[in-house]
Amino acid sequence: MPSAIISTVDKLAIVGCNANFRNILNGGEYRCPVHGYTSKKKCIEKTCQLEVQDFKAIDMYDPAPTLFIQDELHLIRESLGTYASHYESFLKYYIKNVSKSKRDVKIIGATATISSYKEQVYHLYGRNPVRFPCESPFIERNFYAAVDKEDLQRQILGYAPYGKAIVNSVVYSLKYMREAVYEYYNEPQKILAIPNIGISTEEEALELLKDYWIFLEYNNVKRDGNNVDGAIKTPVNEELSSEGIIPFKTRAMTGDESFQDVREVLAEVENNSNVYDGVNLITATSMISHGVDADRFNVMFFYGIPGNMAEYIQAYSRTGRKHTSIVVDLIRPTRETDQSYLKNFTSMHKYKDLLVEAVPINRWATKAVDNTLPGVFTGVLLTCYDPEIQYTSGSLFFMKNIKKAMKEHEINQGTVKDQLYKSFGCTDDDGITHDLGNQYRKKIDAFVDDVFVQIGDRSWSDENIFDGFRLMGYRIMNSLRDTDSQLIIELD
Ligand SMILES: [Zn+2]
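Residues numbered from 1 in each chain as written. Predicted model: local features only at pLDDT ≥ 70, side-chain atom pairs only at ≥ 80, totals over all residues.

**Notes on the overall build of the chain**
This is how it is decided: Counting from the N terminus, the helices are DSSP H or I runs at least four residues long and the strands are E runs at least two residues long. Every C-beta atom is placed from the backbone, and the number of other C-beta atoms within 10 Å of a residue's own sets its class: buried at 20 or more, exposed at 12 or fewer, partly exposed in between. By the convention adopted here, residues make contact when the C-beta atoms placed from their backbones lie within 7 Å.
Of regular secondary structure, the chain possesses 16 helices and eleven strands. With respect to the principal axes defined by its C-alpha atoms, the chain has extents near 85 × 50 × 50 Å. Among the 492 residues that make up the chain, the fraction classed as buried is 35%. Considering only contacts within the chain whose residues lie at least 6 apart along the sequence, 72% involve residues at least 24 apart.

Pasting the structure below:
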C-alpha cells in the first residue's frame, strides 16, 4: 500500500463512485499474488483470472490515513469548498467510526489567506483550528518576513488613463517600457552607468537585463487579454518594428491553455539561453497567480486591479524574486473599486495584508447538499456496507443488490440516516445536533426515505448505481468540480 497519496481535493468524490476507493481508506482484505491488495472478492485488475480462493487473506493493522495535508487551503472555496466539506466530513466520520483504525483525522492546511481562517476551517472541516505561526502584532514584521528598508523588492506605480481607451493605455505602456528596455539592450553601458548597479562589464549588464526582458501582463478576464494581443499586433508591433526595436513576441497563459502549454512557456522563459530572441510578453489571467515561480518575471502590468486583494497580492508576487521588479497598475477610470484603489494607493499597499478578504465558503449552503447527498450516500454504501454485504446480497455497485440488501434488512434506513447526519456534520460524534444541521437533517430524511421507497418499488435488472440514481432523479458526483453547466447571461 502507498504510504502517501498526492491528489487534488476534487478526487474525493470517487468514494461514492468506485468501491475500490475504500482500499485507500481501510486497506485490503486479500492480496492477489499478481496484482496486490483488494477489498472485494475479486481482483482490482479487471482482466485477472484468479478467484478469491487463490488470494491470501490479509489483516491490516491501522490502514486508514489519518493525516490530511491541504495545500492552498484558500482555494477550497465557494461551491468546491462546500462540496469538499461534505466529503471531507464523511471521510472523517468513516475513518474514526468505521475503519479498522478508528482514529481521528488530523489536518494541516497551508493558506495564503489567513483572515477569518477560523470560519473557513469550521466550514470546511467542522474543526477548531490552531494557527501557526500566530498573528504578528506588527505591520512590518512577522514570523516569516520583515520589511527591509534598504532592499527594494518591488516598485509599484499606478495611474488612471482618462479620456483614452484603457486597452490602448495598456499596450502603449507596454510599448514605452519595451522602448526603455531596448535602449538598455542597445547600449548596455547605460546599465553600467546606473549608480550602485554592482556590475562592471557589458556582458554582465546584458545578462542582468535578461531578467527584465520578458513582460508579464495581467488580465482580469480573458477577453481583455485577447484585446491586448490584438492591439499589440497592430499597431504596436508595427510601430516598434519601424523604430528598429525588437517587437513583442507574445504567449498567452490563461485557463484555456493546458498544463502542458503552461509548462512549456515556463520552461522557455526559465531555461532559454537566448532570451532576447524568445517570448518577451506573456498575457495572463489569474492562472499565473499560483505555482508560477520564475525569476525572469520582473516587469508586470495590471490591466485593472483584481477585484480581490488576495488575488492581487498573489499575482504581483510572481515578480521580484531575485531582482527589484517594477509593477504598473493601470487603473480603469470607469470602475469604482479601481478608482478607490488609486485614491488610497499608498495605504492600500501598506495595509494590504489586513485587507485580504475572507474565503467565501458555507458548509450549510441550502442547495449544495442536494448535489452531494447522492454521492455521499453511495459512498456510505460502498465503504460501510459493501465489504460485508458483497458476500450475501452481492456488490452494492448494482441496484438490484442494494434492493435485496434493503429487503434483507442488511441496510437499515434509520442507521443510514444516522450515518449521514454524522457524515454531514449535522450531529457530532456524541450525537449532539448543531443548529444549522437541522435543515440538512430534514433533507437527509427526505432523501433517504425517497431512495428507499424508489429502490424498493422499482424492478432492477443490471443497472449500476449511476444508471439507477439517474432513473430515480439523482446524480452521483464524480468530481467536486462537477457543477451545473454555466448559464451565459448577456444583454440583448
Ligand atoms: Zn489479480
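**Considerations on helix α7 (residues 222–242)**
In plain terms, the rule: Multiply 1.5 Å by the residue count of a helix minus one, and that product is the helix's expected span. To get the bend at any residue, fit one axis to the seven residues that end at it and another to the seven that begin at it, then take the angle between the two axes.
With 21 residues, α7 extends 29 Å between its outermost C-alpha atoms, agreeing within 8% with the 30 Å of an ideal straight helix rising 1.5 Å per residue. When the local axis directions of α7 are compared, the greatest deviation, roughly 45°, occurs at Lys 233, which is followed within four positions by the proline Pro 235. Turning to α7, its buried residues are Asp 224, Gly 225, Asn 227, Val 228, Ile 232, Val 236 and Asn 237. Buried residues belonging to α7 abut α4 (166–186), β7 (215–219), β8 (250–253), β9 (281–284) and β10 (299–303). Downstream of α7 by one or two residues, Gly 244 has phi in the positive range, about 80°.

**Some words on the sheet that holds strand β2 (residues 36–38)**
The pairing of strands in a sheet happens through backbone hydrogen bonds and is either parallel or antiparallel. Here is the rule we go by: Pairing between two strands requires that DSSP report at least two bridges joining them.
With antiparallel pairing, three strands are arranged side by side in an open sheet as β2-β1-β3. Each edge of the sheet is formed by a strand with only one pairing partner; in this case those strands are β2 and β3 (56–57). Two strands pair when backbone bridges link them, and strand β1 (residues 30–32) and β3 are joined in this way by two bridges, in the antiparallel orientation. Looking across to β3, one finds that Arg 31 is bridged to Lys 56.

**Here we look at the domain arrangement of the chain**
Just so we agree on the cut-off: Start and end points for every domain follow an automatic or database-based domain assignment.
On domain assignment, one finds that the chain holds domain 1 (9–27 + 63–128 + 365–471) and domain 2 (154–345). When each unit is reduced to the centre of its C-alpha atoms, the spacing between domain 1 and domain 2 is 46 Å.

**With respect to the nonpolar core**
Which entries qualify depends on this criterion: Working definition: the nonpolar core is a set of buried Ala, Val, Leu, Ile, Met, Phe, Trp, Tyr and Cys residues, joined through C-beta atoms within 7 Å.
Counting residues in each nonpolar core, the largest one holds 56 residues, and the members touching the most others are Leu 12, Ala 84, Tyr 87, Leu 396, Leu 420 and Leu 480. Mapped onto this core, the elements with two or more residues apiece are α1 (21–26), α2 (78–97), α3 (117–125), α12 (368–389), α13 (399–407), α14 (413–423), α15 (437–457) and α16 (465–471). The leading source of residues in this core is α12, at ten residues. Contact partners of Tyr 87, with chain neighbours within four places excluded, come to Leu 12, Ala 13, Val 15, Thr 372, Val 376 and Leu 480. Core analysis: the second largest hydrophobic core is formed by 42 residues, Val 228, Leu 281, Ala 310 and Tyr 312 among them.

**Some details on the sheet that holds β10**
Worth spelling out the cut-off: Axis geometry follows a simple rule: fit a line to the C-alpha atoms, using only the stretch in contact for helices, then measure angles between N-to-C directions, giving values from 0 to 180 degrees.
Pairing within the open sheet is parallel, and its six strands lie in the order β6-β11-β10-β7-β9-β8. Because the sheet does not close on itself, it has two edges, and the strands there are β6 (154–159) and β8. Averaged over all pairs of adjacent strands, the angle between their axes in this sheet comes to 20°, without regard to strand direction. In the sheet, β7 pairs with β9 via four bridges, with the strands oriented parallel. Residue pairing in the sheet places Tyr 218 in a bridge with Ala 284 of β9.

**Here's the deal with the pairing of β7**
Taking burial as the measure, the five residues of β7 include five buried ones, the bulk of the element. Across the two faces of β7 the burial is the same, with Phe 215, Glu 217 and Asn 219 and Leu 216 and Tyr 218 all buried. Strand direction decides the pairing type here: β7 and β10, joined by five bridges, are parallel. Its bridge partner being in β10, Leu 216 is matched across the sheet by Met 300.

**A few points about the environment of Val 292**
With respect to the element layout, Val 292 can be found in the loop between β9 and β10. For the pair formed by Val 292 and Arg 141, sequence separation is 151 residues and the distance between their alpha carbons is 25 Å. Contacts of Val 292, omitting those with residues within four sequence positions, involve Leu 266 and Arg 318.

**Section: the packing of α2 against α12**
Rules: Any angle from 65 to 115 degrees is called roughly perpendicular, while one under 35 is roughly parallel, one over 145 is roughly antiparallel, and all others are oblique. Crossings are assigned a handedness: left-handed for a near helix turned anticlockwise from the far helix by less than a right angle, right-handed for a clockwise turn.
In contact at an axis separation of 10 Å, α2 and α12 are set at 25° when each is read in the N-to-C sense. Regarding the angle of α2 to α12, the classification is roughly parallel. In this structure, the crossing between α2 and α12 has a hand that is right-handed. Seen from α2, the contacting residues are Ser 79, Thr 82, Tyr 83, His 86, Tyr 87, Phe 90 and Tyr 94; seen from α12, they are Ala 368, Asn 371, Thr 372, Val 376, Gly 379, Thr 383 and Cys 384.

**Things to note about α2**
Over its 20 residues, α2 extends 28 Å from the first C-alpha to the last, a length consistent with the 28 Å expected when each residue adds 1.5 Å. Within α2, 15 of the 20 residues are buried, which leaves it mostly tucked inside the rest of the structure.

**Remarks on unusual backbone geometry**
Backbone torsion omega between Phe 132 and Pro 133 reads -15°, so that peptide bond is classified as cis. Within the fold, Pro 133 resides in the loop between α3 and β6. A cis amide bond, omega 5°, links Thr 234 with the succeeding residue Pro 235. Looking at the secondary structure, you find Pro 235 in helix α7. Even without being glycine, Glu 78 reaches a positive phi, approximately 50°. By the secondary structure assignment, Glu 78 is in helix α2. At Asn 196, a residue that is not glycine, the phi angle is positive and equals roughly 60°. Looking at where Asn 196 falls in the secondary structure, it is placed in the loop between α5 (189–192) and α6 (202–209). We classify Asn 196 as exposed; it has 4 C-beta atoms within 10 Å.

**Examining the pairing of β8**
The criterion, for reference: For the handedness criterion, the strands are oriented away from the viewer, and a crossover whose path from the first strand over the helix to the second runs clockwise is classed as right-handed.
Where β8 and β9 come together, four bridges link them in parallel fashion. Across the sheet, the residue bridging to Arg 251 is Ile 282, located in β9. As for the winding sense of the linkage, the β-α-β connection from β8 through helix α8 (residues 259–271) to β9 is right-handed.

**Structural notes on the packing of α2 against α3**
Two elements in contact, α2 and α3, have axes separated by 7 Å at closest approach and are oriented at 55°. On the basis of the axis angle, α2 is oblique to α3. Contact residues: α2 offers Gly 81, Ala 84, Ser 85 and Glu 88, while α3 offers His 123, Leu 124 and Tyr 125.

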